[in-house]
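Okay, here's what each chain looks like letter by letter:
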Amino acid sequence: MTLSHDVAGEGSALVLLHSGVCDRQMWDAQWLPLIDAGYRVVRCDFRGFGETPVPDEPHNDAEDVLALLNSLGMAQAALVGSSYGGHVALEFAARWPERVSALALICSALPGHEPSAELNALGKDEDALIEAGDIVGATELMVETWLGPEADETAREAVRRMQRHAFELQMAAAEDFEPIEAKIDLAAIQAPCLSVSGAHDLADFRQIAARLPDLLAKADHVELPWAGHLPSLERPSAVTDLLIGFLKDRVPAS
C-alpha cells in the first residue's frame, strides 16, 4: 500500500511527517514556501490519517515512508517531523542513515520514551472519552492540550478537523493494528539535526528535545518561548523561516 501523499517542486528532497493529532494538511502553511525555497517536497498521511486507509495488517510507519520514497525515486531526503512524525523520522534515520540528509524535529516523540504520569493520564482520559463514544469531547481534549497560547481559531479549527477525522477513521476499523516499533540505535544517526521544543508544551516533549543533542552526533536544541506542541500551526511563518534557515546551510536546494 502506498501512503496518500503530495509531491511538488524541484531540487533536494524534503519530507514532511505529521503529528499524531493531525494529518498532512498540518503543513499547508509551509508547503509552498518550502517549494519556493528550492526543494522537492513530499508530505504524506500515515495509515489511519487523512486520506490513507486504516491498516488492515501489522505495519511499520517508517517502512511505509521508505516504500514511498523508493516509489518516488528519492535516494536521500531531509526529514521534518512533528511530534509522532518526529518519532518516525528518528526511527527512519537510525535504520537507514544513508537515506537521510538532515533532520528537523519539532516537539518530537522519542522511540522508547517512558511516558510521564501526566502523559499517561492524558491517554487514559482520551481512551475513556473514545470508549464512551464521545468523539467531540476527545477531539476538544486534544485541541486544548496540544495547542499553545499563540494558536488562533484557524489553527484550532484545523486541528479539530484533522483529529476528528482520524478518530472517525480509526473507530470504524474492524480491528486495531498499532504500528510495529522496531528496535533502533540512535547512535547510527549521522545527519545534522535541529531539535525544537515549545516552552508551553508538556514536559515529556520538552525533555526529549533537550536530550537529543546528547543522544545524536550532530544535534542542536532550540526552545521557542511562545510555542506549545504544534508550533508550525501556532506561528506558521516563524516555523517556516526556522526550517528554511536550518536546511539552507545543510541541504542546499539544487
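Just so we're clear, the structure is a prediction, and the values are computed from it rather than from any experiment.

Right, let's talk about the nonpolar core for a bit. Formed by 84 residues in total, the largest nonpolar core has its most connected members in Leu14, Leu90, Phe92, Leu103, Trp146 and Leu230. Those residues in contact with Phe92 that sit more than four places away from it in its chain are Ala62, Val65, Leu66, Leu69, Leu79, Pro97, Arg99 and Val100.

It is worth spelling out helix H4 (residues 117-131) at this point. Given 3.6 residues to a turn, an α-helix orients residues that are three or four positions apart in the same direction. In a regular helix each residue adds 1.5 Å, so 15 residues correspond to 21 Å; H4 covers 21 Å between its end C-alpha atoms and thus fits that length. Every buried residue of H4 is listed here: Leu119, Leu122 and Ile130. Mapping the buried residues of H4 onto a view down its axis gives an arc of 70°, with all of them on the same face. Summarising the geometry of H4, the exposed residues directed more than 90 degrees from the buried face are Ala117, Lys124 and Glu131. Buried residues along H4 sit against helix H5 (135-146), helix H6 (153-171) and helix H7 (203-215). At the exit of H4 stands Gly133, carrying a positive phi of roughly 80°.

Here the focus is the side chain of Glu234. Checked against the element boundaries, Glu234 lands in helix H8 (residues 231-234). Of the side chains with opposite charge, Arg235 comes closest to the buried, unpaired Glu234, at an N-O distance of 7.7 Å. Here the side chain of Glu234 touches Gly148 through a polar contact of 3.0 Å, landing on its backbone nitrogen. Polar side-chain contacts of Glu234 include one of 3.1 Å to the backbone nitrogen of Leu230. Setting aside residues up to four positions removed in sequence, Glu234 forms contacts with Trp146, Leu147, Gly148, Glu150, Ala151, Trp226, Ala227, Gly228 and His229.

What follows is about the packing of H5 against H6. Remark: H5 packs on H6, axes separated minimally by 9 Å, with the N-to-C direction vectors making an angle of 135°. With respect to each other, H5 and H6 are oriented oblique. Classified by chirality, the crossing of H6 by H5 is right-handed. Taken together, the residues of H6 that come into contact with H5 (itself represented by Ile135, Val136, Ala138, Thr139, Glu140, Met142, Val143 and Glu144) are Arg156, Val159, Arg160, Gln163, Arg164, Phe167, Glu168 and Met171. Looking at side-chain class alone, the contact of H5 with H6 contains eight nonpolar, two polar and six charged residues.

Rules and cut-offs
- Residues numbered from 1 in each chain as written.
- Predicted model: local features only at pLDDT ≥ 70, side-chain atom pairs only at ≥ 80, totals over all residues.
- Heavy atoms only, no water.
- Core = buried A, V, L, I, M, F, W, Y, C linked by side-chain atoms within 4.5 Å.
- Buried < 20%, exposed > 50% of the residue type's maximum accessible area, 1.4 Å probe, protein only.
- Contact = heavy atoms within 4.5 Å.
- Helix = DSSP H or I, 4+ residues; strand = E, 2+ residues; numbered from the N terminus.
- Expected span 1.5 Å × (residues − 1).
- Arc of directions from axis to C-beta.
- Lys, Arg positive; Asp, Glu negative; His and termini not counted.
- Salt bridge = Lys/Arg side-chain N within 4 Å of Asp/Glu carboxyl O.
- Polar contact = N/O pair within 3.5 Å; in protein donor to acceptor, adjacent residues only side chain to side chain.
- Axes fitted to C-alpha atoms, helices over the stretch in contact; angles between N-to-C directions.
- Parallel < 35°, antiparallel > 145°, perpendicular 65-115°, else oblique.
- Left-handed = near helix turned anticlockwise from the far one by under 90°.
- Nonpolar A, V, L, I, M, F, W, Y, C, P; charged D, E, K, R; others polar.

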